[in-house]
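Below are the chains, spelled out letter by letter.
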Amino acid sequence: MFQLSPNIDLLFGEAGESAADRVRAAAAAGFDAVEMWGPTGKDIPALKDALEETGVQLTSQLAEPRMQFMIPPKDHAPFYTGLDAGVEVAQQLGCPRIVVGSGTGFGGRKRQDQLDELIEIFTRGVAHIEGSGITLVLEPVNIRVDHPGALLDRTSEAVYVAKGVNSPNFGVLYDLYHSSVEGENVAAELANAGDLIKYVQIADAPGRGEPGSGSIDWHARLADLQNSGYAGPIGLEYYPTIDSAKSVQWIQELVAR
């Protein structure tokens with residue numbers, strides 16, 4: 001059975017603005033894991049207390065600041081400085097993964113050159129945090145609806161970058177929502193990525209609501225994940241269309257079966 005990990009920046013807002021209170025609400029709804037976006041604006045000591053009090057695992061957080069790597073003058077120093085701060089928070093919270101993105105592509109350069117530059121940037125990033133115990137996971141996102149202009153919109157290209165970085169501490173975040181919006185063949189993408197998939201997130205499409213609110217065949221897609229050999233946590237990164245605790249019930253029951 002997959003471990004489900006609701007995103008506390010999107011779900012359990014009924015519990016209030018506090019990340020700590022949302023962790024407690026997630027635990028009360030039967031979860032033993034949560035994910036979040038960036039640490040900025042969160043009371044980290046209170047969040048740590050809530051995680052320890054409930055026994056809930058934080059499965060991922062975002063790298064900050066969000067970078068535009070390819071846009072001149074291409075000052076990447078804030079990325080590496082941000083990694084230092086992010087690793088410190090991740091270690092405090094027991095979070096094993098930091099999610100990184102590609103930023104916007106630059107129209108004045110060949111795409112291949114930009115992908116190769118990402119390899120250089122993230123190879124240095126992995127070396128920069130060596131020994132931290134933190135894995136960086138690279139997320140391709142859809143450009144059709146949510147992230148127009150993003151450089152990395154294909155799972156296969158994230159796999160290309162991960163192969164280039166060639167580190168056990170770097171992999172791909174496969175977001176089934178983004179992949180579906182881009183019209184990818186889920187089973188084929190998972191097979192091509194193999195064990196480079198180090199984290200998974202889901203939402204339904206269209207709409208990016210809770211699983212069961214759109215048209216994705218979740219029985220088939222969860223089977224694809226299982227058949228691929230992925231056994232890690234699945235982040236629930238969706239915008240609930242109903243009360244959060246009710247919105248998770250359908251996918252909880254399906255995964256349990």
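Throughout, a residue's number is its position along its own chain's written sequence, starting from 1. Only residues with pLDDT of at least 70 are given local features in this predicted model, and only at 80 or more are side-chain atom pairs given and counted; all residues enter the totals for whole chains, interfaces and linings. Side-chain measures were taken over the full set of non-hydrogen atoms in the model, leaving aside hydrogen atoms and water.

### Re the side chain of Q201
Within the fold, Q201 resides in strand β8 (residues 197-202). Each residue's exposure class comes from its accessible area (1.4 Å probe, protein chains only) as a fraction of the maximum for that residue type: buried when under 20%, exposed when over 50%, partly exposed otherwise. Judged by relative accessible area, Q201 falls into the buried class, the value being 3%. A polar atom in the side chain of Q201 sits 3.1 Å from the side chain of E35. If sequence neighbours within four positions are ignored, Q201 has contacts with E35, E139, L173, Y174, D175, L176, Y177, G235 and E237. A helix here means a DSSP run of H or I that spans at least four residues, while a strand means a run of E at least two residues long, and both kinds are numbered starting from the N terminus. We define a polar contact as two N or O atoms separated by no more than 3.5 Å, with the added condition that, inside protein, one atom must be a possible hydrogen donor and the other a possible acceptor, whereas residues neighbouring each other in sequence contribute only through side-chain atom pairs. Should any heavy atoms of two residues lie within 4.5 Å, those residues are counted as being in contact.

### Regarding the sheet that holds strand β5 (residues 97-100)
In this description, strands pair whenever DSSP reports at least two bridges between them. Taken together, 7 strands build an open sheet; the order of strands is β1-β9-β8-β7-β6-β5-β4 and the sheet is parallel. Sheet topology places β1 (4-6) and β4 (61-62) at the edges, where each strand pairs with a single neighbour. The pairing of β5 with strand β6 (residues 135-138) spans 4 bridges and is parallel. For R97, the partnering residue across the bridge sits in β6 and is T135.

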